[in-house]
Amino acid sequence: MSSVLGAAGTVLQQDGIPVADDPIILGFGAAYLLIVLLIGIWGWMRTESTSDFLITGKSIGTWVLALTAFSVIQSGFGFIGGPELVYEFGTTALWIFFTAPLGFLLTWAVLAKRMRLLADIRNVLTLPDAMYVRYESDWVRGLSGVAVALGVVAYLAVNLAALQFVMRAIFGIPVLWGLFGGALILLLYCMLGGMIAGVWTDFLQAITMVVGAVFVFAYAISFGGGMENISQNLASTDPNLISPFGAMGGATTAVLVGIAWWVLFSVGAAGQPHLITKFYMSRNLTILKWGAPIAAISYAISSLIAFSAGLSMRAMVEAGQREATFSASEVGPVFVLDHTGSIVAGLILAALLAAIMSTSDSFLNIGAAAISRDIPRALGRPITDPKTELRVTQAALAGLTVLSTIVVFYSDALVGILGAISWGFFAAAFVPVAVFGLNWKGATKEGAIAALVVGMSYNIIYNVVPEAAAIVDAGWLNWVSENVVMATYPYPPEVPAEAISLLVTMAVFVFVSIATQKGRELPADLHALFER
């Protein structure tokens, strides 16, 4: 098969993923899981309060902050969803991976200083905390908490969907066992370590993924016979696969998809709670300066995995040089197992395990905090005892993990598409209220409430309902999806509704804020947020 398996290796072809009977890969995987759990235990020993659990007590420096920020955005989506989308649609997906680095630069420019200042001005631990301080509205806090909790379920599902394939590839267990076993390990890790463990695991795996991406890129280009040969093989099958906008839909549709993803993954980055709440954790304001370029460059390098593995595998399949015995979701693990050396494969797959664990830890922490802290406070029933709040937060982790596991079990959506949906849900909800709200004195609570309601509703109608119809297969729900939802969507189905939702909610936020801003005054201590 390949050098991964060695002379004594065998391939157990099951669920489409080759399994390496290779002690080096098994060793890397087992060692990484052990390291992750040890970091979790270390984090548990250092966690004494909700502040420690959620924002590490404002203790991290430039490189850790930047690599953690890049890591939580890349994770399982980049390694599983990325090659999957490139393999399926060619260069269409590059509008995500070439655009996302711009998102880091934008996010740092408009939010880094302001989010960190908020952590000093008021006692904020979560994004809904910040929105409550900015708008002085329990409605905004409550709706923000609901948006975070719902988005976390979808986002966590993305990482669990990726985790099941990686567990299968490393340990040879059935995909279903990989899902349930991985979810159990994840829950244990998250309940132990909180954000302290997540940050340092992110840092470790970020370095590993950047180094590994360079090796994977070299292997992929070599396997495909060079970019010229890869391009010729793809063009002979479908020229759209290597056109500027790829093969997702017809020519006009592909252009719309590319533009929509450009908007979604550049502007939308500033609405991702798991990214922007990292700014609370920085040791001080001065260390924020170099974080954006470090995160952007790291993400760009790590994206070489998706770009090279996806295109190379598709080219070789089209040229008849290998059989397509795998699904699109399995392209990343299959390539690494079949076409790289044991050390590189072990390093990449083990780092991906850590990436999924630490990124999921971030999602679970912000989602659990929304349930235990933000929503109760919005309802006027805060948990006043810090120890009790911490325990309720940890208990909420279990519920979110179970719910996300159920979503993965029943959903057949591509990991990449599911990732785009969850990204878009957060973007529509929080780009207007956070970015505009912390950069524009004229933003009002009415504008924030309207944007949150419209953003969540739009995504539920045009993303959740069609997906639910495919899962449940109920007659009335299918009828609603086909005859109401899709009939009222004004664009081709390939154009992501989450990008349209982002544009709509920004317009709603600005319009309603202008209409309701007369006589509004900012609290005196928040004026520092708007100083240049």
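It should be noted that the structure appears before, not after, this text.
Everything in this summary refers to the structure shown in the same document. (Residues numbered from 1 in each chain as written. Predicted model: local features only at pLDDT ≥ 70, side-chain atom pairs only at ≥ 80, totals over all residues. Heavy atoms only, no water.)

1. Focus: the overall build of the protein chain
If you tally the helices and strands in the protein chain, you get 20 helices and zero strands. The buried share among the 532 residues of the protein chain stands at 61%. Long-range contacts, defined as pairs at least 24 residues apart, comprise 85% of the intrachain contacts of the protein chain with a sequence gap of at least 6. Total accessible area on the protein chain is roughly 19100 Å²; 67% of this is exposed by carbon and sulfur atoms. (Helix = DSSP H or I, 4+ residues; strand = E, 2+ residues; numbered from the N terminus. Buried < 20%, exposed > 50% of the residue type's maximum accessible area, 1.4 Å probe, protein only. Contact = heavy atoms within 4.5 Å. Areas by Shrake-Rupley, 256 points an atom, 1.4 Å probe, with all protein chains shown as cover.)

2. Some thoughts on the packing of helix α10 (residues 251-266) against helix α20 (residues 497-516)
Viewed as axis vectors pointing N to C, α10 and α20 meet at an angle of 60°, and their least axial separation amounts to 9 Å. Here α20 runs oblique to α10, going by the angle between their axes. Here α10 and α20 pass one another in a crossing that is left-handed. Residues A260, V263 and L264 of α10 form the contact with α20, whose participating residues are E498, A499, L502 and L503. The residue inventory of the contact of α10 with α20, partitioned by class, reads six nonpolar, no polar and one charged. (Axes fitted to C-alpha atoms, helices over the stretch in contact; angles between N-to-C directions. Parallel < 35°, antiparallel > 145°, perpendicular 65-115°, else oblique. Left-handed = near helix turned anticlockwise from the far one by under 90°. Nonpolar A, V, L, I, M, F, W, Y, C, P; charged D, E, K, R; others polar.)

3. Considerations on the packing of aromatic side chains
Counted under the stated rule, the structure contains twelve aromatic pairs. Relative to F307, the ring of F217 lies with its centre 6.4 Å away and its plane at 20°, an arrangement referred to as stacked. Of this pair, F217 sits in helix α8 (residues 175-223) while F307 sits in helix α13 (residues 304-318), placing them 90 residues apart in sequence. Three or more aromatic residues joined by ring pairs make a cluster, and in this case those are Y458, Y462, Y489 and Y491. Here R134 stacks its cationic end above the ring of Y135, 5.1 Å away from the centre of that ring. The positively charged end of R141 is found above the aromatic ring belonging to Y132, 4.1 Å away from the centroid. (Phe/Tyr/Trp six-rings, centres within 6.5 Å; stacked < 30°, edge-to-face > 60°. Lys NZ or Arg CZ within 6 Å of the ring centre and 35° of its normal.)

4. Digging into the nonpolar core
Counting residues in each nonpolar core, the largest one holds 167 residues, and the members touching the most others are F104, W108, L111, F279, L349, F430 and V433. Broken down by element, the residue count for this core peaks at 18 residues, all from helix α7 (residues 138-171). Not counting chain neighbours up to four residues away, the residues in contact with F104 comprise A69, F70, I73, L275, A292, A295, A296 and Y299. (Core = buried A, V, L, I, M, F, W, Y, C linked by side-chain atoms within 4.5 Å.)

5. Quick notes on helix α14 (residues 331-339)
Across the nine residues that make up α14, a large majority, eight, are buried. Inspection of α14 places V331, G332, P333, V334, F335, V336, L337 and D338 among the buried residues, and these make up the whole buried set.

6. Quick word on a nonpolar patch on the surface
Judged by side-chain polarity, L176, W177, F180, V402, L403, I406, F409 and Y410 come together as a nonpolar surface patch covering roughly 830 Å² of accessible area. Sorting the residues of the nonpolar patch by element identifies α8 and α16 (386-410) as the ones contributing at least two each. The dominant element in the nonpolar patch, judged by the number of residues it contributes, is α16, at five residues. (Patch = residues over 30% accessible without salt bridge, like charges linked within 9 Å, V, L, I, M, F, W, Y side chains within 5 Å. Salt bridge = Lys/Arg side-chain N within 4 Å of Asp/Glu carboxyl O.)

7. What to know about the pattern of salt bridges
Here the structure, examined in full by the defined rule, presents five salt bridges. Note that D120 is salt-bridged to R116, the shortest N-O span being 2.8 Å. Of the two residues, D120 and R116 both sit in helix α5 (residues 100-121), four residues apart, roughly one turn of that helix. When the shortest N-O distance is used, the salt bridge between R141 and D129 registers 2.9 Å.

Shape descriptors only; they carry no functional weight alone.
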